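Summary of structural features
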Amino acid sequence: MKKIVKVKKLSKGLVLQGVSVNVAGKQVVHDVTLSLNPGEVHVLMGPNGSGKSSLLYALMGHPQYGITKGTVSLGGTILTKLPPEKRAHKGLFLGFQQPREIQGLRTAAFLRSLHLLHSKNKTSKKQQNPLEFMKQAREYMHAVNLDQDFLGRSLNEGFSGGEKKKMELVQMMVIKPKLALLDEIDSGVDMDALKSICATIKILQKKYKIGILLVTHNPRVLSYISPDYIHIMQDGTLRESGGKKLAQRIEKEGFKKVVSSK
Amino acid sequence: MDTKKIKKTASAVKSGSYKLGFRTDVTPIFAANFGLSRKVIEEISKRKQEPLWMLEFRLKAYEIFLQKPMPSWGADLSTIDFDAIQYYVQPDAQNSRQWKDVPQKIKDTFEKLGIPKAERKFLAGAGSQFDSEVIYHSLKKTLEGKGIIFESMDDGLKKHPEIVKKYFSTVIPSTDNKFAALNSAVWSGGTFIYVPKGVHVELPLQAYFRINTAAMGQFERTLIIADEESSVHYVEGCSAPTYSKDSLHAAVVEIIVHKNARVQYTTIQNWSSNVYNLVTKRAVAYRDAEMFWLDCNLGSKITMKYPCIILREEGARGEVQSLAFASAGQHQDAGAKVIHAAPHTSSKIQSRSLSKDGGRSTYRGLVRVLPQAHHVSVNVVCDALLLDEKSRSDTYPTMNIQNSDVVISHEATVSKIGEEELFYLQSRGLTQHEALNAIVNGFATPIIKQLPMEYAVELNKLLTLELTS
């Protein structure tokens, strides 16, 4: 069942229309159409190699992942031809599966520069002076249970998997994007950390009305996140989309079964 | 001189044709002032009014220089013509260029680094000195009260001959290498520092305070002595581009660190692209003493420099931190040498190099542990970052370990700018240039953060500027 979505109608959120993605000459995503209203939480599920992460990379503008067909828009702006930094300024955020370590780049200084970058042209985001900002940054760290010491360290350097994921959330709190793409939030993370991360995501989403598109292949995440919509991908195509009922079926039967039963 | 001659000389000075301040009836060879000979050396020593022992030392070194072959390794020195060099220049000699002829890029760099206007002309080779003399002299008064000596090498020899004679050339003999021999024969300028027992020099002593054409010569000789229990930090150079009309710089730096004393010697070198910078630097550390070389090489066409530490007695510690940046047409051949000549000694070498636009950076290191040196620990880490496909990095680490009761570690990495790292930062809203800047400055940070703050800030700015060009 293909839904033809007109960009005009849902211009406020994220709209993908017939998106195909190529990496290293191989097509890994075929003709994906989906849309997300502002403030909604969507989960994108599927087995390994189904193209979920590739899709997210392409949405963010990774040079190796090319969108060969279709369009992507956020808040009415077409993103498809823009470089990653411009997409970020239009309100898109990507929480990496493996956040990169940047040696010598002090976390506190980096967060401050993000604050300055993203508060420039936005009337709703007031620019804080260094003292105000640092106080705020410490609150963010506290909210995700990250030790304040990390602020003095190089960005992500020597952080554990869970700590890196939490640092992605801290950056998200500083930037306050319109839409956050979260890639495999559960990989490398123990159960307690996962619960805490999911709880934080929900709080952020409610507080700042951030749209969330979360990629995972772990059905347990569904119960922690309670998404508005779920999409299932397999072999690069979108197989099924649904709401709470689909979520219940997946939790009960696992998504493989749900997909194959179609 | 009669009135006619005075008037003639005066107009010559005014017109700019008066070069060296010599009388007009001087012998042709010396008037032309190119090339080296015994006569040139004798004249140098005579004009400086040096004691006989120094003249004899120079002449002996000259003989050694003539006999020594050029090094068979390292950078390409084949274009050096010893006969085309002026070995002695009067302190008030004409400067080489006009401000209007200074390249715009250099002027822009001064502007962006915030270099005070008074200093720019001097750094660009268009002025003979700037008014730091006042700072220097008031600093000297404070230091003298504590018995600290901070002079030019020439003045040090005149005012404190006993100390100089005791230590001069005890760390680096004239026979060490061809360029040390050359320096020993024709040295002029440089710094002499003596810190008495138990005295700690709180603020870094900076060569910049006494800077003028005489102090910043091609054959500087520096001698630093830290007596027992004392400490001092000496800083030379600056990150702003510094013009030298002389293409051969062969400096010698000797440091003696007595029992329980500490010396840090920081260098930030950004010579103009015509310079061959061939430096011999060595320190001796005695019982429980600590020597720290912090060496940043940004400029010159070719630099060959391997700060060395001899850990002569038990408990001595040595550290060399080196940052090299090689851009188009540059070869930074730098590194470190540590010799463990006593037990219970430790050393650490950290080298970081950046190469871009076809620049070449080389790490050349030597660690020697002599048979008598047991309970020794050595840690060597060299990391190279290549900013593009054209650039080059080489590593030549040598370890000569003659005692088995030691802990030695050596790690080396070569990397290029990670695409994933760039994308990660860009996904946060940084432009590709800003992302590259964060990565490059981050790479240099472990070394830069050890510089005095003003130098660190300037160096960060300079790296950022280099990336845009």
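Residues numbered from 1 in each chain as written. Chains lettered and ligands numbered in written order. Predicted model: local features only at pLDDT ≥ 70, side-chain atom pairs only at ≥ 80, totals over all residues. Heavy atoms only, no water.

**Concerning the overall build of chain A**
Secondary structure assignment for chain A yields nine helices and twelve strands. For chain A, the C-alpha radius of gyration of 18 Å lies close to 18 Å, the compact-globule estimate for 262 residues. Projecting the C-alpha coordinates of chain A onto the three principal axes gives extents of approximately 55 × 40 × 35 Å. Within chain A, the fraction of its 262 residues that count as buried is 52%. Put simply, of all contacts in chain A between residues at least 6 apart along the chain, 68% involve residues at least 24 apart. Accessible surface, chain A: about 12,300 Å² in total, of which carbon and sulfur atoms supply 50%. (Helix = DSSP H or I, 4+ residues; strand = E, 2+ residues; numbered from the N terminus. Rg over C-alpha atoms; globule rule 2.2 N^0.38 Å. Buried < 20%, exposed > 50% of the residue type's maximum accessible area, 1.4 Å probe, protein only. Contact = heavy atoms within 4.5 Å. Areas by Shrake-Rupley, 256 points an atom, 1.4 Å probe, with all protein chains shown as cover.)

**Thoughts on the sheet that holds strand 5 (residues 231-237) of chain B**
Residues and elements named next belong to chain B. Pairing is parallel in the open sheet, where eight strands are placed in the order 3-5-8-10-13-15-17-19. Each having just a single partner strand, strand 3 (205-206) and strand 19 (406-416) make up the two edges of the open sheet. Of the strands in this sheet, strand 10 (290-297), strand 13 (317-326), strand 15 (346-355) and strand 17 (376-386) are in contact with helix 12 (residues 432-448), which crosses strand 15 at around 155°. Against the sheet, helix 13 (residues 453-468) makes contact with strand 3, strand 5, strand 8 (262-269), strand 10, strand 13 and strand 15, and its axis sits at roughly 30° relative to strand 13, the strand it touches most. (Pairing = 2+ DSSP bridges. Axes fitted to C-alpha atoms, helices over the stretch in contact; angles between N-to-C directions.)

**Thoughts on the interface of chain A and chain B**
At the junction of the two partners, chain A supplies 30 residues and chain B supplies 19 residues. Counting each side, the surface lost to burial between chain A and chain B is near 2,000 Å², with a carbon and sulfur contribution of 60%. Looking only at chain A, the three residues that lose the most surface to chain B are A:Glu85, A:Arg100 and A:Gln103, adding up to 28% of its buried area. Seen at the junction of chain A and chain B, the total is two salt bridges. (Buried area = accessible area lost by both parts, 1.4 Å probe. Salt bridge = Lys/Arg side-chain N within 4 Å of Asp/Glu carboxyl O.)

**Description of the confidence of the model for chain A**
Looking at chain A as a whole, its pLDDT mean stands at 89, while 93% of the residues score no less than 70. Across residues 5-9 of chain A, where pLDDT falls below 50, the model places seven contacts with residues more than four positions away in sequence or in other chains. (pLDDT = per-residue confidence, 0-100.)

**Quick word on the packing of helix 5 (residues 161-175) of chain A against helix 6 (residues 191-208) of chain A**
All names here are of chain A. Helix 6 packs onto helix 5 with a crossing angle of 5° between their chain directions and a minimal axis gap of 11 Å. Classified by the angle their axes make, helix 5 and helix 6 are roughly parallel. Residues Gly162, Lys165, Lys166, Leu169, Met172 and Met173 of helix 5 touch helix 6, and the partners they reach there are Ser196, Ile197, Thr200, Ile201 and Leu204. Taken together, the residues of the contact of helix 5 with helix 6 sort by class into six nonpolar, three polar and two charged. (Parallel < 35°, antiparallel > 145°, perpendicular 65-115°, else oblique. Nonpolar A, V, L, I, M, F, W, Y, C, P; charged D, E, K, R; others polar.)

**Some points on the packing of aromatic side chains**
The full count for this structure, using the stated rule, is 16 aromatic pairs over all chains. A ring pair is formed by A:Phe96 and B:Phe423, whose centres lie 5.6 Å apart and whose planes are at 50°; its orientation type is tilted. Of this pair, A:Phe96 sits in the loop between strand 6 (92-95) and strand 7 (102-106) while B:Phe423 sits in helix 11 (residues 419-426), each in a different chain. Here A:Phe96 matches B:Phe423 in class, with each residue buried. On the numbers, 6.4 Å between centres and 75° between planes, the contact of B:Phe150 with B:Tyr234 is edge-to-face. Of this pair, B:Phe150 sits in strand 1 (residues 149-152) while B:Tyr234 is found in strand 5, placing the two residues 84 residues apart along the sequence. Summarising the burial analysis for this pair, B:Phe150 and B:Tyr234 share the class buried. Among the aromatic residues, those joined into a cluster by ring pairs are A:Tyr57, A:Tyr65, A:Phe96, B:Phe423 and B:Tyr424. Taking the ring centre of B:Trp187 as reference, the NZ or CZ of B:Lys48 above it sits at 5.7 Å. Over the ring of B:Phe65 we find B:Lys178; its NZ or CZ atom is 4.4 Å from the centre of that ring. (Phe/Tyr/Trp six-rings, centres within 6.5 Å; stacked < 30°, edge-to-face > 60°. Lys NZ or Arg CZ within 6 Å of the ring centre and 35° of its normal.)

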